[in-house]
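Coordinate analysis (summary)
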Amino acid sequence: MKKLSLELHAELEVPDDWELVEHASGIHVLKHGDRFIDFDIAPLVTNSTAPDATWSDEDEAFTEEILDMVTGLDSKMQITYLQ
């Protein structure tokens, strides 16, 4: 068995009324109205070698198989205000 390390970094420009809050579950999430937003990894798969291939997570069994391989996951959110 091998170990794959995957590092993702994303920046989103979100509306000013979205807040970073602590959810009752103890994790920090974005709050938009009455919705709480968290981010996770979802593997996207294609069978095509075409440059414009469609990637999806529609194969739920395979997606679950890959997600079951995750042994650790950490996320950090920070809001910075644009000038």
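My aim in this report is to walk through the structure given alongside it, one point at a time. (Residues numbered from 1 in each chain as written. Predicted model: local features only at pLDDT ≥ 70, side-chain atom pairs only at ≥ 80, totals over all residues. Heavy atoms only, no water.)

**Points about a nonpolar patch on the surface**
Cut-off, in case you're wondering: Residues form patches when they are more than 30% accessible in relative terms and have no salt bridge. Like charges link within 9 Å. Nonpolar side chains (Val, Leu, Ile, Met, Phe, Trp, Tyr) link within 5 Å. We get accessible surface area from the Shrake-Rupley algorithm with a probe of 1.4 Å; when it comes to residues, only the shown protein chains can shield them. When a carboxyl oxygen of Asp or Glu is within 4 Å of a side-chain nitrogen of Lys or Arg, the pair counts as a salt bridge. By the criteria applied, helices consist of DSSP H or I runs no shorter than four residues and strands consist of E runs no shorter than two, each listed in order from the N terminus. Type-normalised accessible area, obtained with a 1.4 Å probe on protein chains alone, sets the label of each residue: buried when under 20%, exposed when over 50%, and partly exposed for intermediate values.
On the surface, L4, L6 and L8 cluster together into a nonpolar patch covering about 390 Å² of accessible area. Along the chain, L4 turns up in the segment before β1 (19-22). Using a relative accessible area of 75% as the deciding quantity, one classes L4 as exposed.

**Comments concerning the pairing of strand β2 (residues 28-32)**
The condition is simple: Paired strands, in this sense, are two strands between which DSSP finds at least two bridges.
Sheet analysis places β1 next to β2, joined by 4 bridges and oriented antiparallel. Bridge assignment links E19 to a residue of β2, and that residue is K31. Linking β1 to β2, which pair antiparallel, is a turn of 5 residues; within it G26 sits at a positive phi near 95°. Of the strand pairs in this sheet, β2 and strand β3 (residues 35-37) are connected by 3 bridges, and their pairing is antiparallel. Bridged to K31 within β3 is F36.

**Re the sheet that holds β3**
Within a beta sheet, neighbouring strands are joined by backbone hydrogen bonds and run either parallel or antiparallel to one another. Heads up, the rule is: A fitted line through C-alpha atoms serves as each axis, taken over the contacting stretch for helices, and the angle formed by two N-to-C directions is quoted from 0 to 180°.
Across the sheet, 3 strands lie side by side as β1-β2-β3; this open sheet has antiparallel pairing. Edge positions in the open sheet fall to β1 and β3, since each of these has one partner strand only. Each strand of the sheet is rotated relative to its neighbour by a mean of 45°, with strand direction disregarded.

**Brief notes about the side chain of T63**
What counts here: Whether two residues are in contact is decided by their heavy atoms, any of which lying within 4.5 Å being enough.
By the element assignment, T63 lies in helix α1 (residues 60-67). According to the relative accessible area criterion, T63 is buried, its value standing at 10%. Ignoring sequence-local partners within four residues, the contact set of T63 consists of P43 and D57.

**Description of the layout of surface pockets**
Operational definition: Points on a 1 Å grid over protein atoms alone make up a cavity when a 1.4 Å probe fits among them but cannot get out, and a pocket when they form an open set with protein on both sides within 12 Å along at least five of seven lines; lining residues each have an atom within 4 Å of a point. Grid points are joined across faces, edges and corners, and a volume is the space filled by probe spheres set on the points. Nonpolar residues are Ala, Val, Leu, Ile, Met, Phe, Trp, Tyr, Cys and Pro. Charged residues are Asp, Glu, Lys and Arg, and all others, Gly as well, are polar.
Roughly 1900 Å³ of internal volume is contained in the largest pocket. What lines the largest pocket is a set of 40 residues, and nearest its centre among them are L8, H9, I41, D74 and S75. Split by residue class, the lining of the largest pocket holds 23 nonpolar, 7 polar and 10 charged.

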